[in-house]
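Chain by chain, the residues:
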Amino acid sequence: MIVAERKPISKIVEMVAAYEKVLLVGCGTCVAVCLAGGEKEVQILAQELRLKARSDGRKQTFDEVTLTRQCDKEYLELIATRVKDYDALLSTACGAGVQFLAERYDSVRVLPALDTRFIGVALGAGEWQQRCIACADCVLDQTGGICPKTMCAKGLVNGPCGGTNHGKCEVNPETDCAWTLIYNRLKKLDRLDLMRGVAPLKRFKPSVHPARFHHMAYKRFDETD
Amino acid sequence: MATKLQEALSKGQFVVTGEAGPPKGVNVGRSLEEVEPLKELLLAYNVTDNQASVMRVSSLVMSVKLIEHGLEPIFQITARDRNRLAIQSEILSAYVMGIRNVLCLTGDHSTLGDHPEAKPVFDLDSVSILQAVQSLKEGTDLAGEKLDGVPTDIFQGAVVAPGADPLEPQLIKFDKKVQVGARFFQTQGVFSLEEWERFYEHAHRAKVPILLGIILLKSGAMARFMNKNVAGINVPQALIDRLDKTDKADRPKVSVEIAAELIRKIRSMCQGVHIMALGWDKYIPALLEQSGL
């Protein structure tokens, strides 16, 4: 899932300071799971903003709504009648959701309350780790199911660099060296042969952004792309 | 035409290389002054490429300056700051300027240097830079496009860390570098015969010249720091004790003794040494003398 982190409250206060009526728009999917922008987090953020407005002597109102997702048009429609009552929408979705909300309601200011961090997994309660950079050229079949492009700070595809230090990374001694992990995994699988081949050059063309994907089943026959 | 380095290695002569770090700023003269006294002793000088991710004068320009002063450069190029267009372009440009020895490295991560917010590139890596060099030497670039004028006589090398833990992934990568055309190797600093023997038992089969990396230890504290923080460095406790017991004034002498002892022990199992003096360049003559070189 997509993992995001709320911006510092001071930044959010600064962003919304100029607007009297603000609607906080939560997102009930990824960012709800990672405790950054779901219904509960929207409640907390709204409460913090109200207290801050009062102590700073600003007359502001902060209302709340949480949509199932902000990356699907049908959910965005659910607030169509309410938006005109506000000076700004403060979205607690990932960057994709914020943009989709801003595109749908392009006559009102839409502001981001979160910083989007990565595509990752839950390591435990309240702790997530990046596991995919969405490179559009997956090599996990070659590397024992551990992504060198994501898990190695340099994204190396030909083995460890000289900075690998007793299984840890030169960039952060708390981070495992991806290539030590890959080596151990392939050894366990008795497939070290996969590590011996020279890797093809990385391909960046598939991940040129903005990327777009159209499912075959939904393409019309007369469309070529 | 073969470089001095290539010629010496092909004749089986024991070679000694050193380092010439480009300045941070435009004072190239001072960097040259540091290495010039060693002209008769060192065959060639590695010219580092924004070493330790610290922004400096380019490896290419510093290499050209060395050539102008009658010194032979080993032009280092890393994957950190340039994509495949820039790397290939720089290798061709270096060739045009008379540079033939090219050392291909991945490079330290940009977060470790003085511009930690810079974008780390790593489009290629040490192995694919070697592939690029080999491809250029054969007349095409990485995209398969033909070159107008082929740099057939580049002498390309790579690095390896004999003290890496675990060692096997390092050896696998070493083999890949040989496979894609590395013609010589320089190693990370080594401090014990046992470490070298473990590495060399595998590496000698590649039949590619390997230059033993020698770092002059300035103190026990420096050794402890490197053991803890520098990848692939393992200074044995006995050497640390020896340095700790030595008065500051005598440390250069002991440091040189330690390095010379190791070189004498390993000499028959390597084809040369690469000295990283880290500012102690003035002790290199004594080191070479005591090493019997």
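Calculation criteria
Residues numbered from 1 in each chain as written. Chains lettered and ligands numbered in written order. Predicted model: local features only at pLDDT ≥ 70, side-chain atom pairs only at ≥ 80, totals over all residues. Heavy atoms only, no water. Pairing = 2+ DSSP bridges. Helix = DSSP H or I, 4+ residues; strand = E, 2+ residues; numbered from the N terminus. Axes fitted to C-alpha atoms, helices over the stretch in contact; angles between N-to-C directions. Salt bridge = Lys/Arg side-chain N within 4 Å of Asp/Glu carboxyl O. Buried < 20%, exposed > 50% of the residue type's maximum accessible area, 1.4 Å probe, protein only. Contact = heavy atoms within 4.5 Å. Buried area = accessible area lost by both parts, 1.4 Å probe. Polar contact = N/O pair within 3.5 Å; in protein donor to acceptor, adjacent residues only side chain to side chain. Nonpolar A, V, L, I, M, F, W, Y, C, P; charged D, E, K, R; others polar. Parallel < 35°, antiparallel > 145°, perpendicular 65-115°, else oblique. Domains from an automatic or database assignment. Phe/Tyr/Trp six-rings, centres within 6.5 Å; stacked < 30°, edge-to-face > 60°. Lys NZ or Arg CZ within 6 Å of the ring centre and 35° of its normal.

**Observations regarding the sheet that holds strand E4 (residues 88-91) of chain A**
Strand pairing in a sheet takes place through backbone hydrogen bonds and is either antiparallel or parallel in direction.
All names here are of chain A.
Item 1. Strand order in this open sheet of four strands is E3-E2-E4-E5, and the pairing throughout is parallel. The two strands at the open ends of the sheet, each matched to only one other strand, are strand E3 (61-67) and strand E5 (109-112). Sheet twist, expressed as the mean angle between neighbouring strand axes with direction ignored, is 25 degrees.
Item 2. In terms of strand pairing, strand E2 (residues 21-27) meets E4 through four bridges, oriented parallel.

**Details of the pattern of salt bridges**
Residues and elements named next belong to chain B.
Item 1. Under the counting rule described, the total for this entry stands at 28 salt bridges over all chains.
Item 2. The salt bridge partner of Arg 242 is Glu 257, with a shortest N-O separation of 3.6 Å. Of this pair, Arg 242 sits in helix H9 (residues 237-244) while Glu 257 sits in helix H10 (residues 251-266), and the two are 15 residues apart along the sequence.
Item 3. A salt bridge links Lys 253 to Glu 257; the shortest N-O distance between them is 3.6 Å. With Lys 253 and Glu 257 both in helix H10, this residue pair falls four residues apart, about one helical turn.
Item 4. Its relative accessible area of 51% is what places Lys 253 among the exposed residues.
Item 5. Ionic contacts of the salt-bridge type, sharing partners, join the residues Arg 242, Lys 253, Glu 257 and Glu 261 into one network.

**Regarding the interface of chain A and chain B**
Item 1. In this assembly, 28 residues from chain A lie in contact with 31 residues from chain B.
Item 2. Summed over both partners, the interface of chain A with chain B buries about 2500 Å², with 54% contributed by carbon and sulfur atoms.
Item 3. Put simply, chain A and chain B have one salt bridge between them.
Item 4. For the pair chain A and chain B, the interface holds 13 residue pairs in polar contact (both at pLDDT 80 or more).
Item 5. Mapped onto the side of chain A that touches chain B, the elements with two or more residues apiece are helix H7 (178-188) and helix H8 (193-196) of chain A.
Item 6. With three residues, H7(A) is the largest single contributor of residues to the side of chain A that touches chain B.
Item 7. Across the side of chain A that touches chain B, the residue classes break down as 13 nonpolar, 10 polar and five charged.

**What about the packing of helix H8 (residues 220-229) of chain B against H9(B)?**
All names here are of chain B.
Item 1. Close contact between H8 and H9 brings their axes to 8 Å; oriented N to C, the two are set at 150 degrees. Of the possible angle classes, the one that applies to H8 and H9 is roughly antiparallel. Taking contact as the criterion, the partners of Gly 220, Ala 221, Ala 223, Arg 224 and Asn 227 in H8 are, on H9, Ile 240, Leu 243 and Asp 244.
Item 2. Across the contact of H8 with H9, the residue classes tally to four nonpolar, two polar and two charged.

**Here's the deal with the domain arrangement of chain A**
Item 1. When the domains of chain A are assigned, the result is domain 1 (2-118) and domain 2 (134-199).
Item 2. Each of domain 1 of chain A and domain 2 of chain A was reduced to a C-alpha centroid, and the two centroids are 38 Å apart.

**Thoughts on the packing of aromatic side chains**
Residue and element names in this part refer to chain B.
Item 1. The final tally for this structure, using the stated rule, is six aromatic pairs over all chains.
Item 2. A ring pair is formed by Phe 174 and Phe 185, whose centres lie 4.4 Å apart and whose planes are at 40 degrees; its orientation type is tilted. Residue Phe 174 is found in helix H6 (residues 168-179), and its partner Phe 185 is found in strand E6 (residues 184-189); the two are separated by 11 residues along the sequence.
Item 3. For the pair Trp 196 and Tyr 200, a centre-to-centre distance of 6.0 Å together with 20 degrees between the ring planes defines the contact as stacked. Highlighted residues: Trp 196 and Tyr 200, both in helix H7 (residues 193-203), separated by four residues, approximately one helical turn. One exposure class covers both Trp 196 and Tyr 200, and it is buried.
Item 4. Chaining the aromatic ring pairs together yields one cluster made of Phe 174, Phe 185, Trp 196, Phe 199 and Tyr 200.
Item 5. The residue whose ring lies beneath Arg 100 is Tyr 95, and the NZ or CZ to ring-centre distance is 3.5 Å.

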